[in-house]
Amino acid sequence: MKVAVLDSKGKDTGRKVDLSDSVFAIEPNKHAVYLDVKQYLAHQRQGNHKSKERAEIAGSTRKIKKQKGTGTARAGSIKSPVFRGGGRIFGPRPKDYKQKLNKNVKRLARKSAFSIKQNEKAILVVEDFNFDAPKTKEFTQVLKSLGIENKKSLIVLGDSNNNVYLSSRNLKRSEVVINSELSTYKILNASSVVLCESALEGIVSNLNK
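Note that the structure is a prediction, hence the values are computed from the model and not measured. What you see as residue numbers is a count from 1 along each chain, following the sequence as written. Only residues with pLDDT of 70 or above have their local features reported here, since the model is predicted, and side-chain atom pairs are shown and tallied only from 80 upward, although totals for entire chains, interfaces and linings are computed over all residues. With hydrogens and water excluded, all non-hydrogen atoms of the structure serve as input to the side-chain values.

A few words on the sheet that holds strand β6 (residues 192-196). Paired strands are those between which DSSP finds at least two bridges. The secondary structure listing takes helices from DSSP runs of H or I that are at least 4 residues long and strands from runs of E that are at least 2 residues long, numbered from the N terminus. Read across the sheet, 6 strands follow the order β2-β1-β3-β6-β4-β5 without closing on themselves; strand pairing throughout is mixed. Strands at the two margins of the open sheet, each flanked by one partner only, are β2 (12-18) and β5 (174-178). In this sheet, adjacent strand axes meet at a mean angle of 30° when their direction is disregarded. Inspection of the sheet shows strand β3 (residues 123-126) paired to β6 by 4 bridges, in the parallel sense. The residue bridging V125 from the neighbouring strand is L195, located in β6. Only the stretch in contact is used when fitting a helix axis, every axis being a line fitted to C-alpha atoms; angles between N-to-C directions are given from 0 to 180 degrees.

Structure representation (structure tokens):
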């Protein structure tokens, strides 16, 4: 599949690159996509939620009133969950939300995500670009030239570029990653995926192992 290469000003360079059919033109596997996105979101959870149960509350252990003759229910401890300041019944405990997923399923999910975006005509291929210094204004101008300044965008670089990354950091709708940091969730969450030329080879080799 041939796709035109644009420059950072949004103009056609007259060159075309071949997007591998094995990555960008497969039949999307929705279940693999579901599993990979589910795992990604689960891994964002810290799992450090905790409340104190009655054994962890600081307080006296003496019996607070006699067993009989008070006209009210019997009570043995001020730390009981029925009293204000007592422990919590079946409260949340720390939990590890990590999920295991086969590598082949993850690769299939990312291929499916790229194929979905390609079917939506939401993938752009751009010449590698750089800035002399971190400048949000220059990065915004690149997005504007590509016509995606008002869309959620994912820019994929071949190698880490500190100036480009820092230039994008203040923009909520745009994210810059290198090809090894790609995930199914990030691909699908973006309205437009911008692939730098140098990232293509790494993406295809990583997903066709």
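That was the structure; now back to the text.
Between the first and last residue of a helix there are one fewer steps than residues, each counted as 1.5 Å, and that sum is the expected span. For helix α2 (residues 30-43), with 14 residues, the first-to-last C-alpha span of 20 Å sits near the 20 Å given by 1.5 Å per residue. Relative accessible area decides the class of each residue, using a 1.4 Å probe on protein chains only: under 20% of the type maximum gives buried, over 50% gives exposed, and in between gives partly exposed. Burial in α2 covers these residues: A32, V33, D36, V37, Q39 and A42. In the core, the buried residues of α2 are packed alongside α3 (103-119) and α6 (184-189). Its side-chain oxygen placed 3.2 Å from the backbone nitrogen of H31, N29 serves as the N-cap of α2. Note on contacts: a residue pair is in contact if any heavy atoms of the two residues lie within 4.5 Å. N or O atoms closer than or at 3.5 Å make up a polar contact, with two conditions inside protein: a donor-capable atom paired with an acceptor-capable one, and, for residues adjacent in sequence, both atoms drawn from side chains.

Note that strand β4 (residues 153-157) and β5 share 5 bridges and pair parallel. Directly across from S153, in β5, lies its bridge partner S174. A crossover links β4 with its parallel partner β5, the connecting element being helix α5 (residues 162-168), and its sense is right-handed. If you view a crossover with the strands going away from you and the path from the first strand over the helix to the second runs clockwise, you call it right-handed.

Working note: a packed helix pair is described by the angle between its axes plus the distance between those axes. Between α2 and α3, the shortest axis-to-axis distance is 8 Å and the interhelical angle comes to 105°. In this view, α2 runs roughly perpendicular relative to α3, as classed from their interaxial angle. Here A32, V33, L35, D36 and Q39 of α2 come into contact with α3, specifically with V105, K106, L108, A109 and S112. Note on residue classes: Ala, Val, Leu, Ile, Met, Phe, Trp, Tyr, Cys and Pro are nonpolar, Asp, Glu, Lys and Arg are charged, and everything else, Gly too, is polar. A per-class count over the contact of α2 with α3 returns 6 nonpolar, 2 polar and 2 charged. What sets the label is the angle itself: under 35 degrees gives roughly parallel, over 145 gives roughly antiparallel, 65 to 115 gives roughly perpendicular, and the rest give oblique.

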